[in-house]
Amino acid sequence: LGTTACRYDIDAVAECDSSNSRLLERAAAGAPSGTVLVAERQTAGRGRRGRSWISAPADSLTFSLLWRFPHQSDAPAALSLAVGLALVRGLEALGARGIGLKWPNDLLIGDSKLAGILVELQAGELRSAVIGIGLNLRRPNGLSEDVAAAGLDQALAALPTREVVLAALLAALAQTLDAYGSSGFASLRNEWQARHAWQGLPVRVSGGEAAEGLCLGVGDDGALNLDTPQGLRRILAGDVSLRAV
Ligand code: ATP
């Protein structure tokens, strides 16, 4: 795994409801940091706010990773952003180009979603996170036509096997989560912003307090800085959605 020493314990199941739900149970039972659960088929994949994440076995890579950090983070919301950057780094190491980040938790090709991230903290254990990742290798069969979704096959000349993609993502995650755990998101912020798909562009925020403005970038705590007609607004990475306008 490059310069970072990390031991992964990888388990694959043919089917489960949600790999995050199952791994949260294992986390509560004391599973070690680096435990990975790959789900061939998810019957109830979750996004944020109870929304569903659709995967299709041949077209998707769906897994969850348990990570235990040495200290409690003072900006846990930034973890989703660090994970997004790790995924882009991993996919770029495979030769993929043209992948952007959408605040706070998605990877895009153009305006279409390539991957989603769902970070959940282990109950009562603020230093332990279960990180769920759903990546479209191809646009999943069966996904409703009105969902703007992309596949990794659009960013690579030839699609590697799922095992090769998983290995590249886990290597990048180990390196990036180590940096996040020791120096926080501040050390990753500039690189995140350089890949921000909507940097400098107008967006509308909904789901929490509504706002509209130009994306100025993100802070060290992972908050999105918006230039609005009412002045500078900081949007915390809570349960809000962003749309290009
Ligand atoms: P938004 O897209 O509004 O920012 P979000 O980031 O909160 O929402 P998530 O909760 O991460 O979205 O993911 C759930 C949403 O992603 C669903 O409502 C659906 O529109 C979309 N979606 C579900 N499965 C896929 C998929 N395989 N590929 C792309 N998009 C998907």
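Check the entry above for the structure.
Residues numbered from 1 in each chain as written. Predicted model: local features only at pLDDT ≥ 70, side-chain atom pairs only at ≥ 80, totals over all residues. Heavy atoms only, no water.

(A) Local environment of the packing of aromatic side chains. Taken as a whole and judged by the stated rule, the model has two aromatic pairs. Judged by centre distance (6.4 Å) and plane angle (55°), the rings of Tyr8 and Trp67 are tilted. You can see Tyr8 sitting in the segment before strand S1 (9-16) and its partner Trp67 sitting in strand S3 (residues 60-68), a full 59 residues away along the chain. In this structure, Tyr8 and Trp67 share a single accessibility class: buried. (Phe/Tyr/Trp six-rings, centres within 6.5 Å; stacked < 30°, edge-to-face > 60°. Helix = DSSP H or I, 4+ residues; strand = E, 2+ residues; numbered from the N terminus. Buried < 20%, exposed > 50% of the residue type's maximum accessible area, 1.4 Å probe, protein only.)

(B) Main features of the site of the ligand. Around the ligand, 18 residues are found, and the nearest of them are Arg48, Arg51, Ile54, Ser241 and Arg243. One nitrogen or oxygen atom from the side chain of Arg49 is found 3.2 Å from an oxygen atom belonging to the ligand. Here an oxygen atom of the ligand and a side-chain polar atom of Asn105 are 3.1 Å apart. Bound to the protein, the ligand loses 91% of the 630 Å² it would expose on its own. For the shell around the ligand, the class distribution of residues is six nonpolar, five polar and seven charged. (Near = heavy atom within 4 Å. Polar contact = N/O pair within 3.5 Å; in protein donor to acceptor, adjacent residues only side chain to side chain. Areas by Shrake-Rupley, 256 points an atom, 1.4 Å probe, with all protein chains shown as cover. Nonpolar A, V, L, I, M, F, W, Y, C, P; charged D, E, K, R; others polar.)

(C) Quick peek at the sheet that holds S3. In space, the seven strands of this open sheet follow the order S1-S2-S3-S7-S6-S5-S4, with mixed pairing throughout. Only two strands of the sheet have a single partner each, and these edge strands are S1 and strand S4 (99-102). Sheet twist, expressed as the average angle between the axes of neighbouring strands with direction ignored, equals 20°. Its contacts with the sheet put helix H2 (residues 79-93) on S4, strand S5 (106-109), strand S6 (112-122) and strand S7 (125-136), and the angle it makes with S6 is roughly 135°. Most of the contacts of helix H3 (residues 162-183) go to S3, to which it runs at about 30°, and overall it touches S1, strand S2 (35-42), S3 and S7. (Pairing = 2+ DSSP bridges. Axes fitted to C-alpha atoms, helices over the stretch in contact; angles between N-to-C directions. Contact = heavy atoms within 4.5 Å.)

(D) Main features of the environment of Gly207. Along the chain, the position of Gly207 falls in the loop between strand S8 (202-206) and strand S9 (211-218). Owing to a relative accessible area of 59%, Gly207 belongs among the exposed residues under this scheme. Along the chain, Gly207 and Leu242 lie 35 residues apart, while their C-alpha atoms are 8.8 Å from each other.

Shape is all these values report; function is a separate question.
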